[in-house]
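Here is what each chain is made of, one letter per residue.
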Amino acid sequence: MARHSPSSVLPEILGDDEPPLQPVLERAEIRHAKTMVFSDDGLQTLWAMEAGNFLSHFYDIWYPISDDLYVTDSSGSWLILVSHDGVIYKYENTAVK
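Computed from a predicted model, the values in this text were never measured in an experiment.

Conventions and cut-offs
Residues numbered from 1 in each chain as written. Predicted model: local features only at pLDDT ≥ 70, side-chain atom pairs only at ≥ 80, totals over all residues. Heavy atoms only, no water. Helix = DSSP H or I, 4+ residues; strand = E, 2+ residues; numbered from the N terminus. Buried < 20%, exposed > 50% of the residue type's maximum accessible area, 1.4 Å probe, protein only. Contact = heavy atoms within 4.5 Å. Areas by Shrake-Rupley, 256 points an atom, 1.4 Å probe, with all protein chains shown as cover. Core = buried A, V, L, I, M, F, W, Y, C linked by side-chain atoms within 4.5 Å. Salt bridge = Lys/Arg side-chain N within 4 Å of Asp/Glu carboxyl O.

(A) Spatial organisation of the overall build of the protein chain. Scanning the protein chain for helices and strands turns up three helices and six strands. The N-to-C order of helical and strand elements in the protein chain reads β-α-β-β-α-α-β-β-β. Expressed as a percentage of the 97 residues in the protein chain, the buried residues total 32%. Relative to all contacts within the protein chain whose residues are 6 or more apart in sequence, the contacts with residues 24 or more apart total 47%. Surface exposure of the protein chain reaches about 6,100 Å², of which carbon and sulfur atoms provide 54%.

Structure follows, in C-alpha cells:
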C-alpha cells in the first residue's frame, strides 16, 4: 500500500477542554456530507453515522481510549486522522471531484 503525505497538518491539537470537531472542519474548509464514516482500528472496520450525531458525540467516540481515529464522509474527497495524542492530519483525495 502506498503511503501518502497529508495535505496539511492542522494547527489544532484536541484535548479535554477543546471545542467539538465541527469548528476544526470549518477551519480546514471541509464540507462534509450527511453521513460520516470513521474507523478506530486502522481502517479495518468502518462505521457510518449521521454527521450531526457524529459531531455532537465526537469525544464519546474518540476519547475513551484515544486511539487514532480516521474520519471521512460519504464523498470520499477528504480524510482526517485524529491521532491518539490529538494532532489532526488532513488528507485530500484529488481523484474525487
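After presenting the structure, the write-up continues.
(B) Representation of the nonpolar core. Residues Leu21, Met36, Phe54, Leu69, Val71 and Ile80 are the most contacted members of the largest nonpolar core, which totals 18 residues. Secondary structure elements with two or more residues in this core: helix 1 (21-27), strand 2 (35-39), helix 2 (51-56), helix 3 (58-62), strand 4 (69-73) and strand 5 (78-82). With sequence-adjacent residues up to four places away left out, Phe54 is seen in contact with Leu21, Met36, Phe38, Met49, Ile61, Leu69 and Val71.

(C) Geometry of unusual backbone geometry. A positive phi angle is found at Glu29, which is not glycine, with a value near 60 degrees. In this structure, Glu29 sits in the loop between helix 1 and strand 2. Owing to a relative accessible area of 63%, Glu29 belongs among the exposed residues under this scheme. Despite not being glycine, Leu43 has its phi angle at roughly 70 degrees, a positive value.

(D) Seen up close, the pattern of salt bridges. Under the definition given, this model contains one salt bridge. Here Lys90 ties to Glu92 by a salt bridge, and the two come within 3.5 Å at their closest N and O atoms. Judged by relative accessible area, Lys90 falls into the buried class, the value being 10%. Residue classification places Glu92 among the partly exposed residues on the basis of a relative accessible area of 47%.

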